Amino acid sequence: MVSTANVSNAALYEKLNYNFIRDIAPVAGVMRVPLVMEVNLSIPAKTVPEFIAYAKANPGKINFASGGVGTSIHLSGELFKMMTGIDMQHVPYRGNGPALTDLLGGQIQIMFDTMPQAIGYVRAAKLRALAVTTAMRSEVLPDTPTVGEYVPGYEASSLYGVAAPRDTPAEIVDKLNTEINAALADPTMKTRLADLGGIVLAGSPADFGKLIAVETDKWAKVIRTGNIKPQ
């Protein structure tokens, strides 16, 4: 199973004993999962533009949390910083759970949270969702805008798909691709993925390979710009 961590590790770590793009055979995408740009209720901002204005008026005073350096939650925040020019301090935790606890408690002001973890607190009005990070609005939070509606070109998500070792015969890759796409079209599976906020990534092995390449390049730029180093 391929995730965003696989594509970001190429730039995050200076020495790896493999090249992810070279050493896999892409099989199929499964889904993208939006992240939720959410703030503690003490933050007065109710929209993305209001938050940007608030951050610029309070440079260095806003902390954003993640479950660790180089995670999709971390990199989504770094991309937002890079594209808006605001100053936020990243605070990495040992997992998303402790980060969320401090966000709820007010020690942290903002988090680009995973949809499954965020949705209950947003619906219970314990956190305020300003936007989702995918290019399209989420069916789970249909009234919540995307970051890209205010920051053109912004897109971030947790990516999931399937890959095999690079020498896997093409007929096996194609067979797996056919079966995975059939599963993604199954109503029960579609409902389950939708419940997680997932956006289905059906397509060919070549489609998934192109997506991996694009995501690898995108996050490498963010990691280099932010001078992000693994802990």
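In what follows, the accompanying structure is described. Here the structure is a predicted model, which means the values were calculated and not measured.

**A short note on the overall build of the protein chain**
Working step 1: Broken down by element type, the protein chain carries nine helices and eight strands.
Working step 2: Expected size for 231 residues packed as a compact globule is a radius of gyration near 17 Å; at 18 Å, the protein chain falls within 12% of this value.
Working step 3: Expressed along its principal axes, the backbone C-alpha trace of the protein chain runs to roughly 55 × 40 × 30 Å.
Working step 4: Classification of the 231 residues of the protein chain by burial places 49% in the buried group.

**Points about the pairing of strand β2 (residues 24–39)**
Working step 1: Most of β2 is tucked away: 15 of the 16 residues are buried.
Working step 2: In the sheet, β2 pairs with strand β7 (residues 157–165) via nine bridges, with the strands oriented antiparallel. Bridging across to β7, Pro-26 finds its partner in Ala-163.
Working step 3: Strand direction decides the pairing type here: β2 and strand β8 (residues 199–200), joined by two bridges, are antiparallel. What sits directly across from Arg-32, in β8, is Ile-199.
Working step 4: Here five bridges tie β2 to strand β5 (residues 110–114), and the two strands are oriented antiparallel to one another. Across the sheet, Val-36 pairs through a bridge with Asp-113, a residue of β5.
Working step 5: Summarising the sheet, β2 and strand β6 (residues 128–132) pair through four bridges and their orientation is antiparallel. When the sheet's bridge partners are listed, Val-39 is paired in β6 with Arg-128.

**A look at unusual backbone geometry**
Working step 1: A positive phi angle, close to 60 degrees, is found at Ala-125, a residue other than glycine.
Working step 2: With a phi angle near 50 degrees, Asn-227 is a residue other than glycine that sits in the positive phi range.
Working step 3: Positionally, Asn-227 belongs in the segment after α9 (205–225).
Working step 4: Residue class for Asn-227 comes out exposed when judged on its relative accessible area of 55%.

**Things to note about the pattern of salt bridges**
Working step 1: For the structure on display, the rule yields 10 salt bridges.
Working step 2: As a salt-bridge pair, Asp-23 and Arg-22 come within 2.7 Å of each other at their nearest N and O atoms.
Working step 3: Taking the shortest distance from any N to any O, the salt bridge between Glu-78 and Lys-81 comes out at 3.7 Å. Here Glu-78 and its partner Lys-81 are both found in helix α4 (residues 72–84), three residues apart, which amounts to about one turn of the helix.
Working step 4: According to the relative accessible area criterion, Glu-78 is buried, its value standing at 11%.
Working step 5: Several salt bridges converge on common partners, so that one network encompasses Arg-32, Glu-155, Glu-215 and Lys-218.

**Remarks on the nonpolar core**
Working step 1: With 48 residues, the main nonpolar core has Met-37, Phe-51, Phe-80, Met-88 and Ile-110 as its most contacted residues.
Working step 2: The element best represented in this core is α9, accounting for six residues.
Working step 3: Residues contacting Phe-51, with those up to four places away along its chain left out, are Met-37, Val-39, Ile-43, Ala-45, Ile-62, Phe-80, Ile-86, Met-88, Ile-110 and Leu-130.
Working step 4: Formed by 20 residues, the second largest nonpolar core is a distinct cluster that contains Ala-25, Leu-141, Ile-180 and Leu-193.

Conventions we followed
- Residues numbered from 1 in each chain as written.
- Predicted model: local features only at pLDDT ≥ 70, side-chain atom pairs only at ≥ 80, totals over all residues.
- Heavy atoms only, no water.
- Helix = DSSP H or I, 4+ residues; strand = E, 2+ residues; numbered from the N terminus.
- Rg over C-alpha atoms; globule rule 2.2 N^0.38 Å.
- Buried < 20%, exposed > 50% of the residue type's maximum accessible area, 1.4 Å probe, protein only.
- Pairing = 2+ DSSP bridges.
- Salt bridge = Lys/Arg side-chain N within 4 Å of Asp/Glu carboxyl O.
- Core = buried A, V, L, I, M, F, W, Y, C linked by side-chain atoms within 4.5 Å.
- Contact = heavy atoms within 4.5 Å.

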